[in-house]
Amino acid sequence: MSITVRRMAPDDSAAFARIAGGVFDQPIDPVRLRDYLATPGHLLVLAFDGDLIVGQCAGVLHRHPDKVTELYVDEVGTGDNYLRRGVASLMLGELFAWGRELGCAEAWLGTELDNEAANGFYRRWGGAEDTIKYYEFKL
């Protein structure tokens, strides 16, 4: 298995032709994809096995008037047949590097308390663990 990672740019929509199961939560909508890739501050790293997308790692830049610039890691998804093969590590490493290049001094993310696989993965990366309450609003 030879996995490569790539930073996506606004003109990379064609790269989404083949996607392994489990990488994204829902099917890709071409209009949403175009808008996402064109929005400044949205970062998307994909992992490929040939031309097959086997992982995705999405982040958002947060600039503040009173704090350092942060990278919010919004999603990490790995194809069902590619779990525990280092794909997520490759993508997260690339996303962190991209964030540093863009001036981020910190990165943060959230995951469910009972998601043992994700929590173990992020602990191995040296993340400082905390607990929060999550609120969702319908707009």
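Above this note sits the structure.
Residue indices begin from 1 for each chain and proceed along its sequence in written order. Only residues with pLDDT of at least 70 are given local features in this predicted model, and only at 80 or more are side-chain atom pairs given and counted; all residues enter the totals for whole chains, interfaces and linings. Excluded from the side-chain calculations are hydrogens and water; all other atoms, namely the structure's heavy atoms, are used.

A. Seen up close, the overall build of the protein chain. Here a strand is any run of E in DSSP of at least two residues, a helix any run of H or I of at least four, and the numbering for each starts at the N terminus. Helix and strand content of the protein chain: 3 helices and 5 strands. The secondary structure elements of the protein chain, listed N-terminal to C-terminal, are β-α-β-β-β-α-β-α. Across its three principal directions, the C-alpha atoms of the protein chain cover 40 × 35 × 30 Å. By definition, residues are in contact when any of their heavy atoms lie within 4.5 Å. Counting only contacts in the protein chain whose residues sit at least 6 apart along the sequence, the fraction spanning at least 24 positions is 60%. Using a 1.4 Å probe, the Shrake-Rupley method yields the accessible areas, and only the shown protein chains count as cover for residues. Total accessible area on the protein chain is roughly 9,200 Å²; 52% of this is exposed by carbon and sulfur atoms.

B. The environment of L90, seen in detail. Following the sequence through the fold, L90 ends up in helix α2 (residues 87–101). Here the term buried applies to any residue with accessible area under 20% of the maximum for its type, exposed to any over 50%, and partly exposed to those in between, with areas from a 1.4 Å probe on protein chains only. Classification of L90 as partly exposed rests on a relative accessible area of 42%. Those residues in contact with L90 that sit more than four places away from it in its chain are I3 and V5.

C. Focus on the pattern of salt bridges. By convention in these notes, a salt bridge is any Lys or Arg side-chain nitrogen within 4 Å of a carboxyl oxygen on Asp or Glu. Going through the model one piece at a time under the given rule, you end up with 5 salt bridges. Across the pair E94 and R7 runs a salt bridge, and its minimum N-O distance is 2.6 Å. Here E94 is found in helix α2, whereas its partner R7 is found in strand β1 (residues 3–7), with 87 residues between them in sequence. In this structure R7 comes out as partly exposed when scored by relative accessible area, which is 28%. In this structure, the salt-bridge partner of D51 is R18, at a minimum N-O distance of 2.4 Å. In this pair, D51 is assigned in the loop between β2 (42–49) and β3 (52–62) and R18 in the loop between β1 and α1 (30–38), connecting sequence segments 33 residues apart. Judged by its relative accessible area of 48%, D51 is partly exposed. Ionic contacts of the salt-bridge type, sharing partners, join the residues R7, E94 and E101 into one network.

D. Expanded view of the environment of Q26. Note on placement: Q26 falls in the loop between β1 and α1. Along the primary structure Q26 and V87 are separated by 61 residues, whereas in three dimensions their C-alpha atoms are 20 Å apart.

E. Spotlight on the side chain of D12. Secondary-structure assignment places D12 in the loop between β1 and α1. Owing to a relative accessible area of 15%, D12 belongs among the buried residues under this scheme. Among residues more than four places away in sequence, those in contact with D12 are R6, R7 and L37.

Such coordinate-based values are descriptive only and should not be taken to indicate function.
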